[in-house]
Amino acid sequence: MKSRLRSVVKHLWYVVPVAAAYALISFFADSWAMERRKTQPELPMAPAFALPLVEPEAQGPGAKVVSSEELRGGPVVLNFWASWCVACMDEKPYLDAIWKKRKNKRYGMYAIATGDDWAAVQRTGRVSAEHFPILFDTDGQVAEAFAVKTLPVTIVLDNTGRVLYRHDGPVSSQAAIGAVERMLSRDVQDSWATH
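Owing to the predicted nature of the structure, the values given are computational and were not obtained by experimental measurement.

1. Let's talk about the overall build of the protein chain
Scanning the protein chain from terminus to terminus reveals 6 helices and 7 strands. What you see in the protein chain, going N to C, is helices and strands ordered as α-β-β-β-α-β-α-β-α-β-β-α-α. Scored against the burial criterion, the 195 residues of the protein chain give a buried share of 44%. A separation of at least 24 residues holds for 68% of the contacts in the protein chain among residues at least 6 apart in sequence. When the accessible surface of the protein chain is split by element, carbon and sulfur atoms take 60% of a total near 11500 Å².

2. A short note on the sheet that holds strand S3 (residues 76-81)
In any sheet, the strands associate via hydrogen bonds between backbone groups, in a parallel or an antiparallel arrangement. Read from one edge to the other, the open sheet built from 5 strands follows the order S5-S4-S3-S6-S7, with strand pairing classed as mixed. The outermost strands of the open sheet, each flanked by one partner alone, are strand S5 (134-137) and strand S7 (163-168). The average angle at which neighbouring strand axes cross in this sheet is 20°, direction not considered. With 6 bridges connecting them, S3 and strand S4 (residues 108-114) associate as parallel partners. Each residue of the ladder has a partner; that of Asn-79, found in S4, is Ala-111. Contacts from helix H2 (residues 86-102) reach S3, S4 and strand S6 (153-157), with the element oriented near 165° to S3.

3. Here we look at the confidence of the model for the protein chain
Confidence in the prediction of the protein chain, expressed as mean pLDDT, is 82, and 73% of residues score 70 or more. Per-residue pLDDT, averaged within each element of the protein chain, yields its smallest value for helix H1 (residues 2-39) (57) and its largest for helix H4 (residues 141-145) (97).

4. Focus: the packing of aromatic side chains
Counted by the stated rule, this structure contains 4 aromatic pairs. When the ring of Phe-80 is compared with that of Phe-146, the centres are 5.4 Å apart and the planes differ by 50°; the resulting orientation is tilted. Taken as a pair, Phe-80 in strand S3 and Phe-146 in the loop between H4 and S6 lie far apart in primary sequence, 66 residues in all. Note on accessibility: Phe-80 and Phe-146 belong to one class, buried.

5. Some words on the state of the cysteines
On inspection of all chains with the given rule, the structure shows 1 disulfide. Each disulfide pairs two cysteine sulfurs, and for Cys-85 the partner residue is Cys-88, the sulfurs being separated by 2.3 Å. Between Cys-85 and Cys-88, the disulfide has an S-S torsion of 80° and is therefore right-handed. Accessibility classification places Cys-85 together with Cys-88 in one group, the buried group.

6. Description of unusual backbone geometry
For the bond from Leu-151 to Pro-152, the omega torsion is -5°, close enough to zero to count as cis. Assignment of secondary structure puts Pro-152 in the loop between H4 and S6. Although it is not a glycine, Ala-147 adopts a positive phi angle of roughly 60°. Relative to the helices and strands, Ala-147 is located in the loop between H4 and S6. For Ala-147, a relative accessible area of 39% puts it in the partly exposed group.

7. Section: helix H6 (residues 186-193)
All of the buried residues in H6 are Val-188, Gln-189, Ser-191 and Trp-192. Buried residues in H6, looked at end-on, bunch into an arc of 160°, giving them a common side. Set apart from the buried face of H6 by more than 90 degrees, the exposed residues are Arg-186 and Asp-187.

8. Digging into the pairing of S4
The buried fraction of S4 is high, at 7 of 7 residues. Side chains Gly-108, Tyr-110, Ile-112 and Thr-114 of S4 all project onto a buried face; the interleaved residues Met-109, Ala-111 and Ala-113 project onto the opposite face, where all are buried too. Bridge count for S4 against S5 is 4 bridges, and the pairing is parallel. By the bridge assignment for S5, Ala-113 is matched with Phe-136.

Reading guide: rules and limits
- Residues numbered from 1 in each chain as written.
- Predicted model: local features only at pLDDT ≥ 70, side-chain atom pairs only at ≥ 80, totals over all residues.
- Heavy atoms only, no water.
- Helix = DSSP H or I, 4+ residues; strand = E, 2+ residues; numbered from the N terminus.
- Buried < 20%, exposed > 50% of the residue type's maximum accessible area, 1.4 Å probe, protein only.
- Contact = heavy atoms within 4.5 Å.
- Areas by Shrake-Rupley, 256 points an atom, 1.4 Å probe, with all protein chains shown as cover.
- Pairing = 2+ DSSP bridges.
- Axes fitted to C-alpha atoms, helices over the stretch in contact; angles between N-to-C directions.
- pLDDT = per-residue confidence, 0-100.
- Phe/Tyr/Trp six-rings, centres within 6.5 Å; stacked < 30°, edge-to-face > 60°.
- Disulfide = S-S within 2.5 Å.
- Arc of directions from axis to C-beta.

What follows is the structure, given as structure tokens:
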């Protein structure tokens, strides 16, 4: 009986420090996560919208409509631009590269033609399966709801429709491209999902 008791005490000698260390690590990890949630700002919800999709064969708005509700469930990039905007056309290859890397994942990317002409948008060559889809903001009300003052503006939404990131100006520098790609990464999306 005494030898059995000694054996149990001997094993406890090893188990107790390990359990204590685990408890301390769990406590500090939970405290850190709670503190991090307190320091992260609340993400604003993106304005709701429903815009017509620009399709090659369509002669004007009226075909398929895409709504902000449909876009939830994965991260989304919205790029406000216009056919007459030189900087918008300059950033196009960089945004297309981001889209091509991620188009098969649960992720959406839409160009929003703002205050533009339907025919001019179609003439840009961006209305094809080789480029991410274009939505048509006829009167600029959606751009106004997103507080877009100048073009281009790129906004990344999380999977619930909250504004996670905004870049005013062309996404053509390595820093801007990297920031958009980072916001789409799973670890960034997951870190905000619990907030």
